[in-house]
Amino acid sequence: MSSEATQQAKSPRPAFNPGPLLAGKKAIVTGGAHGIGAAIARSFAAHGAQVLVADIDADAARALEFDSAAGGAIEVLAYDVLDATVPARIVEFAPDVLVNNAGHFLRPPRPFAETEPEFWSEIGGINLDHVLRLTHAVLPGMAERGRGGSIINLTTVEAHRAIPGHSVYAAYKAAVTQFSRSLAVEVGRIGVRVNAIAPDLIESVQVPYTEWLSEEEWAKWPTWAPLGGPGQPDDVAGSALFLASDLGRYTTGTTVHVDGGTFAAGGWFPKPEGGWTNRPRNP
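A brief report on the enclosed structure follows.

Analysis parameters
- Residues numbered from 1 in each chain as written.
- Predicted model: local features only at pLDDT ≥ 70, side-chain atom pairs only at ≥ 80, totals over all residues.
- Heavy atoms only, no water.
- Pairing = 2+ DSSP bridges.
- Helix = DSSP H or I, 4+ residues; strand = E, 2+ residues; numbered from the N terminus.
- Axes fitted to C-alpha atoms, helices over the stretch in contact; angles between N-to-C directions.
- Contact = heavy atoms within 4.5 Å.
- Phe/Tyr/Trp six-rings, centres within 6.5 Å; stacked < 30°, edge-to-face > 60°.
- Buried < 20%, exposed > 50% of the residue type's maximum accessible area, 1.4 Å probe, protein only.
- Lys NZ or Arg CZ within 6 Å of the ring centre and 35° of its normal.

Describing the sheet that holds strand β2 (residues 50–55)
As summarised here, the arrangement of the seven strands in space is β3-β2-β1-β4-β5-β6-β7, forming an open sheet in which the pairing is parallel. Bordering the open sheet on either side are β3 (73–78) and β7 (255–258), each of which pairs with just one other strand. Strand-to-strand, the axes of this sheet are offset by a mean angle of 20°, without reference to chain direction. Note that strand β5 (residues 149–154) and strand β6 (residues 192–199) share six bridges and pair parallel. The residue bridging Gly149 from the neighbouring strand is Val192, located in β6. Each of β1 (26–30), β4 (97–100), β5 and β6 is contacted by helix α5 (residues 117–145), which is oriented at about 175° to β4, the strand it contacts most.

A short note on the packing of aromatic side chains
We describe a pair of aromatic rings using the distance from one ring centre to the other and the angle between the two ring planes. According to the stated counting rule, one finds five aromatic pairs in the structure shown. Consider the rings of Phe112 and Trp120, whose centres lie 5.6 Å apart with planes at 15°: the pair is stacked. We classify Phe112 as partly exposed; its relative accessible area is 46%. Residue classification places Trp120 among the partly exposed positions, given a relative accessible area of 33%. Centre to centre, the rings of Trp221 and Trp224 are 5.1 Å apart; their planes meet at 75°, and the pair counts as edge-to-face. With Trp221 and Trp224 both in helix α9 (residues 221–224) and three residues apart, the pair spans about one turn of that helix. Note on Trp224: relative accessible area 32%, which makes it partly exposed. An aromatic cluster of three or more residues is present, and its members are Tyr209, Trp212, Trp218, Trp221 and Trp224. Just above the ring of Phe93 sits the side chain of Lys26; from NZ or CZ to the centre is 5.5 Å.

What follows is the structure, given as structure tokens:
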């Protein structure tokens, strides 16, 4: 190691600067009009970023409210991530951060044997293909500008465990996770970090727990997740903010599980009389 490198190792930069964490940064968030994507967009803008929300629901995206004291802003691009062509505005925006948030597991569950290739293609389009397209579109600019970047891909806990009836969805989300890991190694030398976030039990438009659960079921949250629940979109936004900012400058190729501990629990549940079981009597 050279003397200069040794000195840098002994005198590391501060982990982050005081104040807004994304001041001077530009970020693109797909599917940012509702739920987790909206929370991420609002969080980034509140921390000073210029945010481009790409969503088919442009009106809802324009209605997003955030604290603008840090100088952030939200611009809206009406865009369907299923379109095979990436809009020029995506590249022209010159993002420092790309959040590939759009995705869907398409209820109801269906046994794999009853699905067809058209369905597989539909699931792949909304959960994997656009991640590849948009990442491919913005990477050259990140390299040319020479200031690095952060790519954050939203996966799911089901990329790491089974979800009967949604086998194709789980396969594509697992592909996003592995894409993130492998690309992180590939582009680390140009200062671009690539990570994934795997939520579970997050209240959203797709999984509205407040509408689904009875009062009796609501009382069971402590048995479903170590931290109880449900989690909120802002919980996911906090992890995205970490990964987008200098707080996460030495974090790449990993998956952050925002799930109240369900992945770590691995099917273990607390018993009313004390102790734990992985064979719940009343699942």
